[in-house]
Amino acid sequence: MLPKPRADLKPNTFEFEVEPLIAPSGFREYDARWLFPEQINLAGMQALGLGLGTLIREMGVRPALAVGHDFRSYSASIKNALIIGLMRAGAEVHDIGLALSPVAYFAQFALDVPGVAMVTASHNENGWTGVKMGAQRPLTFGPDEMSRLKEIVLSGAGKERDGGRYIHVPDMAQRYIADLTNRPKIKRRLRVVAACGNGTAGHFAPKVLEGIGAEVIPLDCDLDYTFPRYNPNPEDMEMLHALRDKVLAEGADVGLAFDGDGDRCGVVDDTGEEIFADKVGVLLARDLSARHPKAQFVVDVKSTGLFLTDPVLVANGARTDYWKTGHSYIKRRAHELDALVGFEKSGHYFFNPPIGRGYDDGLVSAIAICDMLDRNPGTKMSELRDALPKTWGSPTMSPFCPDEVKYQVVERMVALFTGMKANGDTLIGQKIRDLVTVNGIRVVTEDGTWGLVRASSNKPGLVVVVESPTSEANMRGMFAEIDTRLSAFPEVGAYDQKI
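Keep in mind that this is a model prediction, so the values were computed, not measured.

1. Thoughts on the overall build of the protein
Each helix and strand counted, the protein has 16 helices and 21 strands in total. Considering only C-alpha atoms, the protein reaches an extent of 60 × 60 × 40 Å along its principal axes. Here the protein, with 499 residues, has 62% of them falling under the buried criterion. Of the accessible surface of the protein, which amounts to about 18,200 Å², a share of 50% is contributed by carbon and sulfur atoms. For the protein, the distance from the average site of its 56 positive side-chain charges to the average site of its 65 negative ones is 3 Å.

2. Notes on empty space enclosed by the protein
Inspection of the entire model under this criterion finds three cavities of 30 Å³ or more. Lining the largest cavity are 16 residues; nearest its centre among them are Pro 234, Glu 235, Leu 240, Phe 276 and Ala 277. The element that contributes the greatest number of residues to the lining of the largest cavity is strand β10 (residues 265-268), accounting for three residues. Looking at the lining of the largest cavity residue by residue, the classes come out as nine nonpolar, four polar and three charged. The volume enclosed by the second largest cavity comes to roughly 80 Å³. For the second largest cavity, the full set of lining residues is Met 1, Leu 2, Pro 3, Pro 5, Ala 47, Leu 50, Gly 51, Val 153, Gly 156, Ala 157 and Gly 158. Looking at the lining of the second largest cavity, its residues break down into eight nonpolar, three polar and no charged.

3. With respect to the sheet that holds strand β3 (residues 92-98)
The mixed open sheet is built from six strands, whose spatial order is β1-β5-β4-β2-β3-β6. At either end of the open sheet lies a strand with only one pairing partner, and these are β1 (32-35) and β6 (165-168). Taking the axes of each pair of neighbouring strands and ignoring which way they run, one obtains an average angle of 20 degrees across the sheet. Summarising the sheet, β3 and β6 pair through four bridges and their orientation is parallel.

4. As for the nonpolar core
Ranked by size, the top nonpolar core spans 72 residues in total, and within it Leu 209, Leu 256 and Phe 258 carry the most contacts. Element by element, the count of residues in this core is highest for helix α13 (residues 362-374), at nine residues. The residues touching Leu 256, leaving out its near neighbours within four places in the chain, are Val 192, Val 193, Ala 194, Ala 195, Leu 209, Leu 243, Cys 265, Gly 266, Val 267, Ala 366 and Ile 369. Ranked by size, the runner-up nonpolar core spans 37 residues in total, among them Leu 2, Ile 22, Tyr 74 and Phe 141.

Criteria and cut-off values
- Residues numbered from 1 in each chain as written.
- Predicted model: local features only at pLDDT ≥ 70, side-chain atom pairs only at ≥ 80, totals over all residues.
- Heavy atoms only, no water.
- Helix = DSSP H or I, 4+ residues; strand = E, 2+ residues; numbered from the N terminus.
- Buried < 20%, exposed > 50% of the residue type's maximum accessible area, 1.4 Å probe, protein only.
- Areas by Shrake-Rupley, 256 points an atom, 1.4 Å probe, with all protein chains shown as cover.
- Lys, Arg positive; Asp, Glu negative; His and termini not counted.
- Charge placed at Lys NZ, Arg CZ, Asp CG, Glu CD.
- 1 Å grid on protein atoms, 1.4 Å probe; cavity = no way out; pocket = protein on both sides within 12 Å on 5 of 7 lines; lining within 4 Å.
- Points joined across faces, edges and corners; volume = space filled by probe spheres on them.
- Nonpolar A, V, L, I, M, F, W, Y, C, P; charged D, E, K, R; others polar.
- Pairing = 2+ DSSP bridges.
- Axes fitted to C-alpha atoms, helices over the stretch in contact; angles between N-to-C directions.
- Core = buried A, V, L, I, M, F, W, Y, C linked by side-chain atoms within 4.5 Å.
- Contact = heavy atoms within 4.5 Å.

Right under this line is the structure:
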């Protein structure tokens, strides 16, 4: 039996080599994230695998899983430790090797297995690791499953069973690429820059885009787990600026940026303008709702208000539901409402049938963008963007805030703005029209300018986003209103980026 996990072990000690280290804070709302080896060691990953296998049996699900890992120097070792734990729980493990998260989700269908465990830190910086998990395809775990997993693992309640089995799957990458490219080629001649930040997507994105008929200009597609230029994160302005420069230098039609595990896609248009993912979502919703009348969409609370007010979407009878931020939340909500697509401002898009299988896949998103351009052969990406009603919006900004207090800080912001609305107080010189508290606090003023504060679900920090449909000044004013109040909390630190 594995010893009960501890949170106080230190690297380079005897105890660290023989006992599981697991920091409780790594169990997050819909996946798990730790710094390796400071917060979890290999024995801790074994304990996680044992607990995951135990939970899957507890859920009444056949204990068979597709397991993969992203391209980091330590990911394969972590995956192997996780596999040992799963097999100790009596699980059948299908090891798909180096993969994107959507390759692992695809493998659930291709191999007809109910479970998935993808070792990835997604867009987090080197030093981070984690696991995205699920047992009911195409869904991944939410708060209930993660809470129960945490309870099982940290209490040492994982149950060892006989019957564990290991199956090596050597060709899942090829099967995935073939699945996405087994379709008619696009007719329009599209020159596409594919930016991968030297992450895992570099092995997949150029092949898939070439397979649908695009001319691909690779940018940082050689795999290098040191990420020598920038972190592969399509919300990071450094990556988007590098993509902009390449699009302009090459005269490309569009630039597409993929994150570390390939489940998100960022966009730069032909003029080098970065289009935030929620605006790209509006463009795709326009395109798809014209072909699927009265289409239902789901978007997260960080996203633009255009999903409700855009005249084209209104004319097409499109319906949009705003929901909690997080890939697991939006995926589940889109599944529950039988939505055509779920969109997140972070770039997670969830295409349900007939377009996709319901999970987030940055390459399916890229294909949808290419198809949209193909259906508008005389229109540039920048012209599609310019046809949207004008709004001024910020990127996602994240001030540091420790995991132990970030939710309390958000609760205090909710109470603060709720009190202001009740008192008739103003923000940017306007009364507060609406408060959305489904996930943090989204405060909306009379002219539609809004600001959001919520706790990050995958690292110690808060999330701040602002947008105005009337002026850049009001957008910046809303940020100043929020930033002034957050700065009053000593627990809140520096931002990763600011407008």
